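# A structural walkthrough
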Amino acid sequence: MKIVVVGCTHAGTAAITQMARLYPEAAITVYERNDNISFLSCGIALHVAGIVKDAEQLFYASPDQLAALGVTTQMRHDVLAIDTDAKTIEVRNLATGEPFVDTFDKLVMTTGSWPIIPQMEGIGLENIELCKNYQHSQTIIEKAKHAKRIAVIGAGYIGIELVEAFEELGKQVTLIDNMDRVLFKYLDESFTAIVEKQFADKGVTLALGQTVTSFTGEDGRVTRINTTAGEYEADLVVLCIGFRPNTELLKGQVDMLPNGAIIVDSYMRTSKPDIFAAGDSCAVHYNPTGQHAYIPLATNAVRMGTLVARNLMKPTVRYLGTQGTSGIKIYDYNIASTGMTEAAALAAGLNVKNVTIEDNYRPEFMPTYEKVMLKVVYEAEGGRIVGAQILSKVDLTQAINTLSVCIQNEMTMDELSFVDFFFQPHYNKPWNLLNQAGLQAI
């Protein structure tokens, strides 16, 4: 059996290592246009801030490790075209320029995603940078050393973490986003207001609710960002607008969402036999709505890649879907969310209610205690839980993993009220915070 893997992303690495173990007789070839694999882009801000000193620590696998498993690792090889019916693949060796054709019995598409780059005046100026891979991280760190005013465009997780890192390096930082709140996709307003106050208190300029229209520069380098609401000076601009799937190779050959994300079934199979896909190139089954959605997360990617290996020969282990569960630490606050915000649920046409609890996380007779804010969003009819958010200076983010399971299993607020959680004064109160949320639901 001949297996070809296109793209050694998080999903690709997970699929390859598992396939090498499960199918030792198979000939596995991976084609990757870069010279490295498995870079944890979520660690870029930690590297920029100097928390992670050595970027090499952000790789968890190497081409040599894959080769040691018996995998043919073709690094610096660019796939030019794929014929899913003929089961052929056209490749170019980027080192020699030589093109050639390979064949496959099973094809695994793990081509990942690429940052969205807005096409506008001045976008080609120097010091306007992307934030995705190892090379980007090194460029950002080097250029940040010489920059005084840094602008980050995009107030999602990556953008927010970079703003904090740049501010702590003593830079004058501007955060620009076309939404009127930071972290709009992940948190409701009562949570984002706290994050925004943290940034404002640190001197970060928040340019929210405005869209970048162009960039202006001198001597080929960016000096100013122009938006629908003003102008902002910057010597370095980092684009964190979002990502789109890398799926042009299969366009018109397999079913996709309008944005190009490949649609797979519960066993990671595309609409073509023997063609599998996983990770940021794919849509995922989003449990809160029951629909396909594009949610590029490393956690989704490694799960899906592992499932490709398990289901390559026959349907064996079903994908359970995702809630888009995620977490972030901003200054003193530990924040996590799962499923839909109230705003997202209402925008999707769901009839929802919510419970928001603000309490001390453990008994007041303890020497210290901290406030915690928990919000749970649920359907008005039946009480099915569809989302939750938590914020505290104490790390209580694991509660969101619990609520992720609740959403996955379609639990209701009534059921949440009486789940068996332990009580110990070091950690919580007799009525667990999650129980309290269930009990307060109307």
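Structural notes, computed from the coordinates. This structure is a prediction, so every number in the text was calculated from the model and none was measured.

### Things to note about the nonpolar core
Counting residues in each nonpolar core, the largest one holds 56 residues, and the members touching the most others are M19 and I82. In contact with M19, not counting residues within four places along its chain, are I3, V5, I28, V108, A309 and L312. Formed by 39 residues, the second largest nonpolar core is a distinct cluster that contains V163, V173, V195 and L208.

### Here's the deal with the side chain of S281
By the secondary structure assignment, S281 is in the loop between strand 18 (275-277) and strand 19 (284-286). Among the residues examined, S281 registers a relative accessible area of 0% and is labelled buried. Aside from chain neighbours lying at most four places away, what touches S281 is M109, T110, T111, G112, P245, N246, T247, G260, A261 and I262.

### A few points about the environment of R21
Its place among the elements puts R21 in helix 1 (residues 10-22). Assessed through its relative accessible area of 53%, R21 is described here as exposed.

### What to know about the sheet that holds strand 1 (residues 2-6)
The parallel open sheet is built from five strands, whose spatial order is 3-2-1-7-18. Whereas interior strands pair on both sides, the edge strands pair on one side only; in this sheet they are strand 3 (72-75) and strand 18. For this sheet the average axis-to-axis angle between neighbouring strands, irrespective of direction, equals 15°. Of the strand pairs in this sheet, strand 1 and strand 2 (residues 27-32) are connected by five bridges, and their pairing is parallel.

### Concerning the sheet that holds strand 5 (residues 88-93)
One open sheet holds the three strands; their spatial order is 4-5-6, and the pairing between them is antiparallel. Two strands close off the open sheet at either side, each with one partner strand: strand 4 (77-83) and strand 6 (99-103). Recorded for the sheet is a direction-independent mean angle of 25° between the axes of neighbouring strands.

### Side note on the pairing of strand 6
One ladder, built from five bridges, connects strand 5 with strand 6; its direction is antiparallel. Looking at the pairing, E90 lines up with V101 of strand 6. Once strand 5 ends, the chain turns through five residues before running back antiparallel as strand 6, passing G97 with a positive phi of about 80°.

### A few points about the pattern of salt bridges
Per the stated rule, a full pass over the model turns up 19 salt bridges. The salt bridge partner of K132 is D280, with a shortest N-O separation of 3.9 Å. Within this pair, whereas K132 is found in the loop between strand 9 (128-130) and helix 4 (134-144), its partner D280 is found in the loop between strand 18 and strand 19, the two being separated by 148 residues in sequence. Residue K132 is classed as buried on the basis of its relative accessible area of 17%. In this structure, the salt-bridge partner of E142 is K145, at a minimum N-O distance of 3.2 Å. Bridged by salt links that share partners, the residues K87, K106 and D274 form one connected network.

### Notes on helix 5 (residues 157-168)
Relative to the 16 Å expected for twelve residues at 1.5 Å per residue, helix 5 spans 17 Å between its end C-alpha atoms, a close match to the ideal helical length. With nine of twelve residues buried, helix 5 is to be regarded as a mostly interior element. Turning to helix 5, its buried residues number three or more, namely Y157, G159, I160, L162, V163, E164, A165, F166 and E167. G170 sits one or two residues past helix 5 and shows a positive phi near 85°.

### A short note on the packing of aromatic side chains
One pass over the structure, following the stated rule, counts five aromatic pairs. Aromatic side chains Y31 and F100 sit 6.2 Å apart centroid to centroid with 50° between the ring planes, which places their arrangement in the tilted category. One end of the pair, Y31, is in strand 2; the other, F100, is in strand 6, with 69 residues separating them in the sequence. A relative accessible area of 25% means that F100 is categorised as partly exposed. With a centroid separation of 6.4 Å and 70° between ring planes, the pair formed by F418 and W431 is classed as edge-to-face. Placement of the pair is F418 in the loop between helix 10 (413-417) and helix 11 (433-440) and W431 in the loop between helix 10 and helix 11, with a sequence separation of 13 residues. By relative accessible area, F418 is classed as exposed at 63%.

### Focus on a nonpolar patch on the surface
Residues F418, W431 and L439 make up a contiguous nonpolar surface patch of about 360 Å² in total accessible area. Residue position: L439 is located in helix 11.

### Observations regarding helix 6 (residues 189-201)
In this model helix 6 runs 18 Å from its N-terminal to its C-terminal C-alpha over 13 residues, within 8% of the 18 Å that 1.5 Å per residue would give. Along helix 6, the residues that are buried comprise F191, T192, V195, E196, Q198 and F199. Projected down its long axis, helix 6 shows its buried positions confined to an angular sector of 155°, all on one face. More than 90 degrees from the buried face of helix 6, the exposed residues found are E189, K197 and D201. In the core, the buried residues of helix 6 are packed alongside helix 5, strand 12 (205-208), strand 21 (326-330), strand 22 (333-339), strand 24 (371-379) and strand 25 (385-392). One or two steps after helix 6, the chain reaches G203, where phi turns positive at roughly 90°.

About the criteria used
- Residues numbered from 1 in each chain as written.
- Predicted model: local features only at pLDDT ≥ 70, side-chain atom pairs only at ≥ 80, totals over all residues.
- Heavy atoms only, no water.
- Core = buried A, V, L, I, M, F, W, Y, C linked by side-chain atoms within 4.5 Å.
- Buried < 20%, exposed > 50% of the residue type's maximum accessible area, 1.4 Å probe, protein only.
- Contact = heavy atoms within 4.5 Å.
- Helix = DSSP H or I, 4+ residues; strand = E, 2+ residues; numbered from the N terminus.
- Pairing = 2+ DSSP bridges.
- Axes fitted to C-alpha atoms, helices over the stretch in contact; angles between N-to-C directions.
- Salt bridge = Lys/Arg side-chain N within 4 Å of Asp/Glu carboxyl O.
- Expected span 1.5 Å × (residues − 1).
- Phe/Tyr/Trp six-rings, centres within 6.5 Å; stacked < 30°, edge-to-face > 60°.
- Patch = residues over 30% accessible without salt bridge, like charges linked within 9 Å, V, L, I, M, F, W, Y side chains within 5 Å.
- Areas by Shrake-Rupley, 256 points an atom, 1.4 Å probe, with all protein chains shown as cover.
- Arc of directions from axis to C-beta.

The values are spatial; any link to function lies outside them.
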